[in-house]
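As a plain string of letters, each chain reads:
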Amino acid sequence: MAIPIRNVLIVLVLLAVLFVTFSIHNNNTLISPKSFATPSVDSPPLPDSTPEIPHTTLHVPPERANATFAILCRNSDIDGVIQSVRSIEDRFNRNHGYPYVFLNEEAFDDEFKRRVSVLSSAQMEFGLIPHDHWYAPSWIDEQKAAAARQKMEEDQVIYGGSLSYRNMCRFNSGFFFRHPLLQKYRYYWRVEPWVHFHCDISSDPFLFMQNNNKSYGFTISMYEFQSTIVTLWDTVKEFARANPKTIHPDNALAFVSDDGGSNFNMCHFWSNFEIADMDFWRGETYMSFFEFLDRAGGFYYERWGDAPVHSIAASLFLPRSSIHFFEEIGYEHPPYTHCPVDKQRWLDGRCSCNPENSFDYDGYSCLRRWDSL
Ligand SMILES: Nc1nc2c(ncn2[C@@H]2O[C@H](COP(=O)(O)OP(=O)(O)OP(=O)(O)O)[C@@H](O)[C@H]2O)c(=O)[nH]1
Ligand SMILES: [Mg+2]
């Protein structure tokens, strides 16, 4: 008996409907929420299945010194400050979270604060320098100071004609550690715009200072321009004669003088990098030394730098053992770089500097003298 074509078609349509219904059911099973909740062992991890571990749990080590970064700068230094903060964060502070204090004799603008704050989750404070901590004191004869600036400018002494540079050197010599925002800290790490930290800093230099009784740490040393500190050493000697007890018996005088103190050999620690104990600057000895120098007027009548002032003080008033050379910290303040020369250190620190270009034993460096103490 022949099957009518119409019946065949009806059967085919029924089969097609059954097939489609079955497929939809299966697909629904595949995309069911249950399948999402229990991925098979072999499934790649889903993006939102990774548990959130708080940043702080991962990175902040248990111990931290009472310390901060200290950055003196202007609003116009923003690009250099960003580059320096990025560098120290990458190589050290992202694992530690030490705070920052930015200081300026003019208020930091919102743009500066906004662009700097985004660089680190560490606390950042922005401070205004009190007027009298920045500008020349009343006993400075401005006419005499202006004449000195003009003469030094004519003689092409670096920053010789600049008043703001002098304010900065005096502030760094005697005032930054008295700023209200720095009062709560003991140790500071000075950072300037446009510096580079070239190696991973795996152990905490602040804790090193604290646990080893170090008061002053440096990476680069060099000779000062004689024309900027003509009467500085005579003034230092006057202070030392009047206050002989301030000179430490185990001092590092030989770093700054080759003849037992008659003359300054111009060696100093390059103070754009400093990790130091502010209790030393705040103490009676250094405060009276700074007041003595300040009264003599050389910050304005010459161009005394904070580097020779700090270095002479550290070399005379501290035991040599409390001054530390941070060999492992690759550091560049253009045009000079200290790069670890020890091969293992350089490798372990994943350093981006070339040890062959390290300033350490350059003819203009004072590190050889330091080594021979
Ligand atoms: N707020 C403020 N900061 C200053 C001023 N002059 C210099 N500074 C800061 O003081 C520090 C030293 O100044 P620099 O201009 O870097 O001096 P330098 O390192 O001797 O010279 P450079 O080779 O130009 O870097 C830096 O942190 C500057 O940002 C100023 O007039 N106001
Ligand atoms: Mg600088």
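Residues numbered from 1 in each chain as written. Chains lettered and ligands numbered in written order. Predicted model: local features only at pLDDT ≥ 70, side-chain atom pairs only at ≥ 80, totals over all residues.

### A few points about the overall build of the protein
Short version of the rule: Secondary structure elements follow DSSP: runs of H or I of four or more residues count as helices, runs of E of two or more count as strands, with numbering from the N terminus. Every C-beta atom is placed from the backbone, and the number of other C-beta atoms within 10 Å of a residue's own sets its class: buried at 20 or more, exposed at 12 or fewer, partly exposed in between. C-beta atoms are first placed from the backbone for all residues, and any pair lying within 7 Å is then listed as a contact.
Helix and strand content of the protein: 17 helices and twelve strands. Put simply, the protein has 373 residues, and 35% of those count as buried. For the protein, contacts bridging at least 24 residues in sequence account for 80% of all contacts bridging at least 6.

### Here's the deal with the UniProt feature "active site" (unreviewed entry) in the protein
Selection criterion: UniProt positions are given in the numbering used here, feature names are shortened, and annotations may be inferred rather than shown by experiment.
Cross-referencing UniProt, the feature "active site" (unreviewed entry) maps to Glu 274 in the present numbering. Note that Glu 274 resides in strand 9 (residues 274–277). Look at Glu 274 and you get buried, because 22 C-beta atoms sit within 10 Å. In this view, Glu 274 contacts Arg 190, Gly 217 and Phe 218; residues no more than four positions away in its chain are not counted.

### Section: the sheet that holds strand 3 (residues 124–128)
In plain terms, the rule: At least two DSSP bridges between two strands are required for those strands to pair. Here, axes are lines fitted to C-alpha atoms. For helices the fit covers the stretch in contact, and angles between N-to-C directions go from 0 to 180 degrees.
Read from one edge to the other, the open sheet built from seven strands follows the order 3-2-1-4-9-6-10, with strand pairing classed as mixed. Every other strand in the sheet has two partners, leaving strand 3 and strand 10 (323–325) as the edge strands with one partner each. On average, each strand axis in the sheet is tilted by 20 degrees relative to the strand beside it, whichever way the strands run. When strand 4 (residues 187–190) meets strand 9, the two strands line up antiparallel, connected through four bridges. Among the inter-strand pairings, Arg 190 is bridged to a residue of strand 9, identified as Glu 274.

### Side note on the packing of helix 13 (residues 284–296) against helix 15 (residues 306–317)
When two helices pack together, their arrangement is given by the angle between the helix axes and by the axis-to-axis distance. The criterion, for reference: Under this scheme an angle from 65 to 115 degrees is roughly perpendicular, one under 35 degrees roughly parallel, and one over 145 degrees roughly antiparallel; angles in between are oblique. Crossings are classed by handedness, with left-handed meaning an anticlockwise turn of the near helix from the far one by less than a right angle and right-handed meaning a clockwise turn. Residues are grouped as follows: Ala, Val, Leu, Ile, Met, Phe, Trp, Tyr, Cys and Pro are nonpolar; Asp, Glu, Lys and Arg are charged; all remaining types, including Gly, are polar.
Running from N to C, helix 13 and helix 15 point in directions that differ by 135 degrees, and their axes come no closer than 11 Å. Here helix 13 is positioned oblique relative to helix 15, judged by the angle of their axes. For the element pair helix 13 and helix 15, the recorded crossing hand is right-handed. Side by side, helix 13 and helix 15 meet where Thr 285, Tyr 286, Phe 289 and Leu 293 of the first sit next to Val 309, Ala 313 and Phe 317 of the second. In terms of residue class, the contact of helix 13 with helix 15 is built from six nonpolar, one polar and no charged.

### Let's talk about the environment of Tyr 187
Along the polypeptide, Tyr 187 turns up in strand 4. Remark: the alpha-carbon pair of Tyr 187 and Ala 67, spanning 120 residues in sequence, is separated by 4.5 Å.

### Observations regarding the site of ligand 1
We count it as follows: Nearness is defined per residue: the C-beta atom, placed using the backbone, must lie within 6 Å of the molecule or strand.
Neighbouring residues of ligand 1: Leu 72, Cys 73, Arg 74, Asp 77, Asn 104, Glu 105, Ser 164, Tyr 165, Met 168, Glu 192, Pro 193 and Asn 272. No other element matches the three residues that helix 8 (residues 163–174) contributes to the shell around ligand 1. Residue classes in the shell around ligand 1 are distributed as five nonpolar, three polar and four charged.

### Quick look at the packing of helix 4 (residues 78–91) against helix 5 (residues 110–117)
Helix 5 packs onto helix 4 with a crossing angle of 20 degrees between their chain directions and a minimal axis gap of 10 Å. In terms of orientation, helix 4 lies roughly parallel with respect to helix 5. Pair helix 4 / helix 5 crosses with right-handed handedness. For the pair helix 4 and helix 5, the contacting residues are Ile 78, Val 81, Ile 82 and Val 85 in the first and Phe 112, Arg 115 and Val 116 in the second. The residue inventory of the contact of helix 4 with helix 5, partitioned by class, reads six nonpolar, no polar and one charged.

### Let's talk about the nonpolar core
Nonpolar side chains tend toward joint burial in soluble globular proteins. This is how the line gets drawn: By our criterion, buried Ala, Val, Leu, Ile, Met, Phe, Trp, Tyr and Cys residues that link up through C-beta atoms within 7 Å make up a nonpolar core.
Of all hydrophobic cores here, the largest spans 72 residues; its most connected members are Phe 69, Ile 71, Phe 176, Tyr 187, Tyr 188 and Ala 313. When residues of this core are assigned to their parent elements, the largest contribution, seven residues, is made by helix 15. Look past the residues within four positions of Ile 71 in its chain and what remains in contact with it is Val 81, Tyr 100, Phe 102 and Val 191.

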